[in-house]
Amino acid sequence: MPRSLLPAFAVLRMKAAERAALNIVFDADGLHADERVDFTGLSPTGPTYRILRDIEMQMLLRSDTVLTRTAASRSILLARAGGGLAEDHCHLVTNGVDPSPFIRALAAPRPDPAPEAGPVLCYCGSIGAQYRLPDMLDVALRLRARIPGLQFRVISQATDAVQADLARHGLLQADWIDLRAPRPEDVPAELARCDLGIALRLPAFSTRAVLPIKLGEYLLAGLPILGTPGVGNTAELAAAGVFRSAEAEDLDQTVTWLVDTVLPARAALRQTCHEIGLRDYLSLIHISEPTRLRRI
């Protein structure tokens, strides 16, 4: 069950007779060759990219089952494989998240906020160029201008990188921005104490195939999401009323949504988000011929 292109190459290098005796599941979690083009500068016309795309193609043609994370990714891989990959062998699956700590966190009593406290916007996860922390700070500033008392909580182990970005924005001493680095097992409880989650990504071709686990964690913690459209299942989440774009050109409409829809119905929306998280991030694939898949 290779999950990326180099393990896939190892499978392809097996002797044909050995490989024929196995049921092969290609877990195509993202478009790995295209990610290198988008984020590491790999040339899309160079030999390395062509080799990686050939490995991808051979795995699509030789696998018994192909797993993808988004509808866009599934469409791309089916088109790349042509008639060599049957549609009923290419399945859309989710990135599973253990719901137990989120269920416990939501069941715990919420501390009474201070009378002057506003809603808490949070970011949880890695810090790096593609996650756009400077843009998230700009969004937080725009939201705070319209929502008095808004707090921004950054939950990350990369405290030095966060503080550097805060300093560049002149926000290092801002008392409404809270940087925390909890233990991993405490993250669900931290998220459940917030009101909104934000998850920006650099828009690129390859991110259409990514289903960020962060979105599932936010939803399971009961948080509506502000983020980048087209990354993961954001279209479906927007249709369900739990996601809006945080991109600059959309932000005025998003703030109106927050003020008029989200904040007045925060308790009910918390439960809606949690139920959507259970539905979209915990479902299991059902394969009609389970005997085709065996432990190897």
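Let me sum up the structure you'll find in this document. (Residues numbered from 1 in each chain as written. Predicted model: local features only at pLDDT ≥ 70, side-chain atom pairs only at ≥ 80, totals over all residues. Heavy atoms only, no water.)

### Remarks on the overall build of the chain
Here comes step 1: Each helix and strand in the chain was counted, giving 13 helices and nine strands.
Here comes step 2: Against the globule reference of 19 Å for 296 residues, the chain gives a C-alpha radius of gyration of 21 Å, in line with a compact fold.
Here comes step 3: Its C-alpha atoms put the chain at 70 × 40 × 35 Å along the principal axes.
Here comes step 4: With 296 residues in all, the chain has 47% of them scored as buried. (Helix = DSSP H or I, 4+ residues; strand = E, 2+ residues; numbered from the N terminus. Rg over C-alpha atoms; globule rule 2.2 N^0.38 Å. Buried < 20%, exposed > 50% of the residue type's maximum accessible area, 1.4 Å probe, protein only.)

### Points about the sheet that holds strand β7 (residues 196-199)
Here comes step 1: The six strands are arranged β6-β5-β4-β7-β8-β9 in an open sheet whose pairing can be described as parallel. At either end of the open sheet lies a strand with only one pairing partner, and these are β6 (177-180) and β9 (243-245). The sheet shows a mean angle of 25° between the axes of neighbouring strands, taken without regard to direction.
Here comes step 2: Sheet topology note: the β7/strand β8 (residues 225-227) ladder contains three bridges and is parallel. In the strand pairing of β8, Gly197 is matched with Ile225.
Here comes step 3: Packed on one face of the sheet, helix α7 (residues 133-146) meets β4 (120-124), β5 (151-155), β6, β7 and β8 and runs near 155° to β5. (Pairing = 2+ DSSP bridges. Axes fitted to C-alpha atoms, helices over the stretch in contact; angles between N-to-C directions. Contact = heavy atoms within 4.5 Å.)

### Some remarks on the nonpolar core
Here comes step 1: Membership of the largest hydrophobic core comes to 53 residues, with the highest contact counts inside it found for Leu121, Phe152, Leu191, Ile198 and Tyr218.
Here comes step 2: If we ignore the near neighbours within four places in the chain, the residues touching Phe152 are Leu121, Cys122, Tyr123, Met136, Leu137, Ala140, Trp176, Ile177, Asp178 and Ile198.
Here comes step 3: Ranked by size, the runner-up nonpolar core spans 23 residues in total, among them Leu31, Leu42, Ile55 and Leu77. (Core = buried A, V, L, I, M, F, W, Y, C linked by side-chain atoms within 4.5 Å.)

### As for the packing of helix α1 (residues 5-12) against helix α4 (residues 47-62)
Here comes step 1: Orientation of α1 relative to α4, taken along the N-to-C sense of each, is 60°, at an axis distance of 9 Å. Taken together, the axes of α1 and α4 are oblique relative to one another. Once α1 is placed against α4, the crossing between them reads as left-handed. Taken together, the residues of α4 that come into contact with α1 (itself represented by Leu5, Ala8, Phe9 and Leu12) are Leu52, Ile55, Glu56, Gln58, Met59 and Arg62.
Here comes step 2: Among the residues making up the contact of α1 with α4, the classes are represented as seven nonpolar, one polar and two charged. (Parallel < 35°, antiparallel > 145°, perpendicular 65-115°, else oblique. Left-handed = near helix turned anticlockwise from the far one by under 90°. Nonpolar A, V, L, I, M, F, W, Y, C, P; charged D, E, K, R; others polar.)

### Comments concerning the pairing of β5
Here comes step 1: The buried count for β5 comes to four of five residues, which makes it a mostly enclosed element.
Here comes step 2: By the bridge criterion, five bridges tie β4 to β5 in an arrangement that is parallel. When the bridges of β5 are listed, Tyr123 appears paired with Val154.
Here comes step 3: In this view, the connection linking β4 to its parallel neighbour β5 by way of α7 has right-handed handedness. (Right-handed = clockwise from strand over helix to strand, strands pointing away.)

### Describing the packing of α4 against helix α5 (residues 71-81)
Here comes step 1: At their nearest, the axes of α4 and α5 sit 10 Å apart, and the two run at 90° to each other. Taken together, the axes of α4 and α5 lie roughly perpendicular to each other. On the side of α4, the interface is formed by Tyr49, Arg53, Glu56, Met57, Leu60 and Leu61, while α5 contributes Leu77, Arg80 and Ala81.
Here comes step 2: When the residues that make up the contact of α4 with α5 are grouped by side-chain class, the tally is six nonpolar, no polar and three charged.

### Some details on the sheet that holds strand β3 (residues 90-92)
Here comes step 1: With parallel pairing, three strands are arranged side by side in an open sheet as β1-β2-β3. On the outer flanks of this sheet lie β1 (25-27) and β3, each paired with one strand and no other. If you compare each strand with its neighbour and ignore which way they point, the axes differ by 20° on average.
Here comes step 2: Where β1 meets strand β2 (residues 65-68), three bridges bridge the pair, whose relative direction is parallel.

That is the geometry; function is a separate question.
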